[in-house]
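If you want the building blocks of each chain, they are given just below.
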Amino acid sequence: MHVYRKPPLKNFGRVSLFCFCAAFLFSCATTGPGGKKSLILISDQQEIGLGNSIAAELEKTEKPLDDARWQAYLTRVGRKIADLSDRPTLPYHFTVLDNDQVNAFAAPGGHLYFYTGILRMMDSEDELAAVMAHEISHVVGRHSVKTIQNYYGASIVTQLVLGEKSDELIGKISGLVLSLAMQGYGRSNEFEADEFGVYYMDKAGYNPNAAITMFEKLAAMSGKTDRGWFENLTASHPETKDRIARIKAEIAQMPVTSTQRAIKTSEYRKLKARLPAPKEKKP
Ligand SMILES: [Zn+2]
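Residues numbered from 1 in each chain as written. Predicted model: local features only at pLDDT ≥ 70, side-chain atom pairs only at ≥ 80, totals over all residues.

For the protein, the helix and strand inventory stands at twelve helices and five strands. Contacts spanning at least 24 positions in sequence make up 71% of the contacts within the protein whose residues lie at least 6 apart. (Helix = DSSP H or I, 4+ residues; strand = E, 2+ residues; numbered from the N terminus. Contact = placed C-beta atoms within 7 Å.)

To continue, consider the confidence of the model for the protein. Summarising the model, the protein shows a mean pLDDT of 83, and 78% of its residues fall at 70 or more. In the predicted structure, residues 1–24 sits below a pLDDT of 50 and forms 32 contacts with residues beyond four places in sequence or in another chain. (pLDDT = per-residue confidence, 0-100.)

Turning our eyes to something else, we now look at the nonpolar core. Judged by nonpolar contacts, the single largest core of 61 residues is most densely connected at Ile81, Ala129 and Met201. A total of nine residues in this core trace back to one element, the largest contributor, which is helix α5 (residues 125–140). If we ignore the near neighbours within four places in the chain, the residues touching alanine 129 are Val77, Ile81, Met201, Ala204, Tyr206 and Ala210. (Core = buried A, V, L, I, M, F, W, Y, C linked by C-beta atoms within 7 Å. Buried ≥ 20, exposed ≤ 12 C-beta atoms within 10 Å, placed from the backbone.)

Let us look at the environment of glutamine 183. For glutamine 183, the position within the fold is in helix α7 (residues 167–183). Note: C-alpha distance between glutamine 183 and asparagine 103 (80 residues apart in sequence) is 9.0 Å.

The next point concerns the sheet that holds strand β5 (residues 111–115). One open sheet holds the three strands; their spatial order is β3-β5-β4, and the pairing between them is mixed. The open sheet has two edge strands with one neighbour each: β3 (93–97) and β4 (104–107). Between one strand axis and the next, the sheet turns by 20° as a mean value, whatever way the strands run. Sitting on the sheet, helix α2 (residues 44–58) touches β3, β4 and β5, and the angle it makes with β4 is about 135°. Set on the sheet, helix α3 (residues 68–83) makes contact with β3 and β5; between it and β3 the angle comes to about 135°. (Pairing = 2+ DSSP bridges. Axes fitted to C-alpha atoms, helices over the stretch in contact; angles between N-to-C directions.)

Turning our attention to unusual backbone geometry. Of note, arginine 142 is a non-glycine position whose phi angle comes to about 50°, a positive value. You can see arginine 142 is positioned in the loop between α5 and α6 (143–161).

Another point: α3. Over its 16 residues, α3 runs 22 Å from end to end, which matches the ideal 22 Å to within 8%, given 1.5 Å per residue. Along α3, the positions that sit buried rather than exposed are Trp70, Tyr73, Leu74, Val77, Gly78, Ile81 and Ala82. Buried residues of α3 fall within an arc of 160° about the axis and therefore sit on the same side. For α3, the exposed residues set more than 90 degrees away from the buried face come down to Ala68, Arg69, Ala72, Arg76 and Asp83. Those residues of α3 that are buried lie in contact with β3, β5, α5, α8 (187–203) and α12 (266–274). (Expected span 1.5 Å × (residues − 1). Arc of directions from axis to C-beta.)

Attention now moves to the packing of α5 against helix α9 (residues 209–220). Look at α5 against α9: their axes get within 8 Å of each other, and the N-to-C directions meet at 80°. Taken together, α5 and α9 sit at an angle that is classed as roughly perpendicular. Each of Asp126, Glu127, Ala129, Ala130 and Val131 in α5 lies in contact with α9, whose residues at this interface are Ala210, Ala211, Thr213 and Met214. (Parallel < 35°, antiparallel > 145°, perpendicular 65-115°, else oblique.)

Encoded structure:
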């Protein structure tokens, strides 16, 4: 049976009793639109520090695209959404990486990465905004931090809180978080990022239908290429159909002033023409 999901804002605003009680010891952070709260043990400063370590590690092997116009454009679209999200004050970093894989991901502390491979599949700024808003929603939902808390438990958190950040500890956490960021944060976090993402892209003035065209495009490419994937969005995966159905249900609740907005294509197409050609694969 298809379970209908309520549209945003009616669904938010739940604060658990556990969160309320624990607030005396730790902080309850805003983790979504409408004042949604969660118990978060790792502070913003600790998350930013961890994110910077992960970004430094990642950028040893991944090469940013050498095109200032692209980097500025990605930052402009990213800031537009981040500024009106429920986590606007993080020092966000938006980076295009020169990599043919079809992927985009969010590391802790607001480091967002887009591969040239996924940018080549998009045809409008609205489609870029759909993926951007999804990734920013992972940051707002603190999905990486929650994963660290759940996976490593109190001992790691205590070490981080006390500032005992050994290189070995950071290395261990970085590895886990990066692989999760690249592969998706799991079923419930993906549903949440999809839901918040559509809400944020609409709020930023984009046509939310671009989320559907983008996700359907990504789902359809599975099996046709072995050059990577975006967060397990594959046509054969039952979860993909479920995700697209939920996004459609959320958009169906939106006014026509949102769903009939003009899709912004002209600047995107000019920038798309600047992307380097895919590299020849070595035999
Ligand atoms: Zn995701």
